[in-house]
Structure formats: structure tokens, C-alpha cells
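Close look at the chain arrangement
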Amino acid sequence: MPYVDGFIVAVPTKNLPAYRRLARKAGKVWREHGALEFRECVADDVKVGKLTSFPRSVKLKPNETVVFSWIVYKSRRDRDRINAKVMKDPRLAGMDAKSLPFDAKRMIYGGFKVLVDA
């Protein structure tokens, strides 16, 4: 059964080019280690809700946008194996949270079992 890691981050709009560069590099690394898909999507039709919404979930600030990302794996077991390799890959290992083009403290992420694959 496929397994998916999902992420939501707030990215300052001025940092989108740097975020894209980082995401392209990360996507290449994840795919080389066996991820089936790697997607990074920037908010287009995302409104602030009264109680919940993507912007509220990351405490979106002015001049920021929401990025919704996911990585697909063959299974949870593959995900754990692939992520262990990615974390040791010298192209990504040792990145300092302060040097990232987004606020990692406001990142939301988790692993999900696929419920429907249509």
C-alpha cells in the first residue's frame, strides 16, 4: 500500500526562488533514493478560514504564501528506509534550520496511509 509524507510550510514570497531551488535539489535526492513522487505546490486559491485553513495552520504572515508538498513511497517501510538515506545524503545533511528559505518551526508534516487511490 502506498505511503505519503505531507508537508505545509509558510514561505516568504521573496524567498520562493530559493525555496524552489532547495525543493528541486531535495526532490532529486528523494527520487534517487526511491521515492515514487515528489511534489511542491504553491497556494493559488487558498483563503483564510474563520476557524481553520491552510494559512491559519502555518500562522501565515503578510508577504508569505503557503506551500503544500507531498512525497509518495511504495510503503511505510520504504519511506523509513528512503528517509534514513536522505538524511545521510551529503547534498542535504547538515542543513541548518536558520539557513532555510522558510520558518521550519511553523512546518506541519506527517506520514499518511493511502485510503483511496482512484
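Before reading further, recall that the structure is shown in the block above.
Heads up: these notes are all about the structure in this document. (Residues numbered from 1 in each chain as written. Predicted model: local features only at pLDDT ≥ 70, side-chain atom pairs only at ≥ 80, totals over all residues. Heavy atoms only, no water.)

**Some thoughts on the nonpolar core**
Convention followed: Here, nonpolar core refers to any group of buried Ala, Val, Leu, Ile, Met, Phe, Trp, Tyr and Cys residues whose side-chain atoms link them within 4.5 Å. Whether a residue is buried, partly exposed or exposed follows from its accessible area with a 1.4 Å probe, protein chains only, as a fraction of its type maximum: under 20%, in between, or over 50%, in that order. The secondary structure listing takes helices from DSSP runs of H or I that are at least 4 residues long and strands from runs of E that are at least 2 residues long, numbered from the N terminus. Only heavy atoms enter the contact rule, under which two residues are in contact if any of them lie within 4.5 Å.
In terms of nonpolar packing, the biggest core is built from 11 residues, these being Phe 7, Ala 26, Val 29, Trp 30, Ala 35, Phe 38, Ile 71, Tyr 73, Ile 82, Val 86 and Leu 92. Elements with a minimum of two residues in this core: helix H1 (16-32), strand E3 (64-73) and helix H3 (76-88). If we ignore the near neighbours within four places in the chain, the residues touching Ile 82 are Trp 30, His 33, Gly 34, Ala 35 and Tyr 73. By size, the runner-up hydrophobic cluster in this structure holds eight residues, among which are Val 11, Ala 23, Leu 100 and Phe 102.

**Brief notes about the packing of aromatic side chains**
Just so we agree on the cut-off: Any Phe, Tyr or Trp ring, taking Trp's six-membered ring, that has another such ring centre within 6.5 Å forms a pair; planes under 30 degrees apart are called stacked, those over 60 apart edge-to-face, and the others tilted.
Evaluation of the coordinates by the stated rule reveals five aromatic pairs. When the ring of Tyr 19 is compared with that of Phe 102, the centres are 5.7 Å apart and the planes differ by 70°; the resulting orientation is edge-to-face. Here the residue Tyr 19 occupies a position in helix H1, and Phe 102 occupies one in the loop between H3 and strand E4 (108-113), the gap between them amounting to 83 residues. You'll find Tyr 19 and Phe 102 in the same group, each marked buried. Feature note: the residues Phe 54, Phe 68 and Trp 70 constitute an aromatic cluster, connected by ring pairs.

**Here's the deal with the sheet that holds strand E1 (residues 3-12)**
Here is the rule: The pairing criterion is simple: DSSP has to find at least two bridges between the two strands. Think of each axis as a best-fit line through the C-alpha atoms, taken over the contacting stretch in the case of a helix, with angles from 0 to 180 degrees between the N-to-C directions.
Read across the open sheet, the four strands follow the order E2-E3-E1-E4; overall the sheet is antiparallel. The sheet is open, and its two borders are formed by strand E2 (37-42) and E4, each paired with just one other strand. Neighbour-to-neighbour, the strand axes of this sheet turn through a mean angle of 15°, independent of strand direction. Both E1 and E4 contribute to a ladder of six bridges, which runs antiparallel. When the sheet's bridge partners are listed, Ile 8 is paired in E4 with Ile 108. Running at roughly 165° to E2, H1 makes contact with E1, E2 and E3 of the sheet. Strand contacts of H3: E1, E3 and E4, with the helix running at about 50° to E1, the strand carrying the most contacts.

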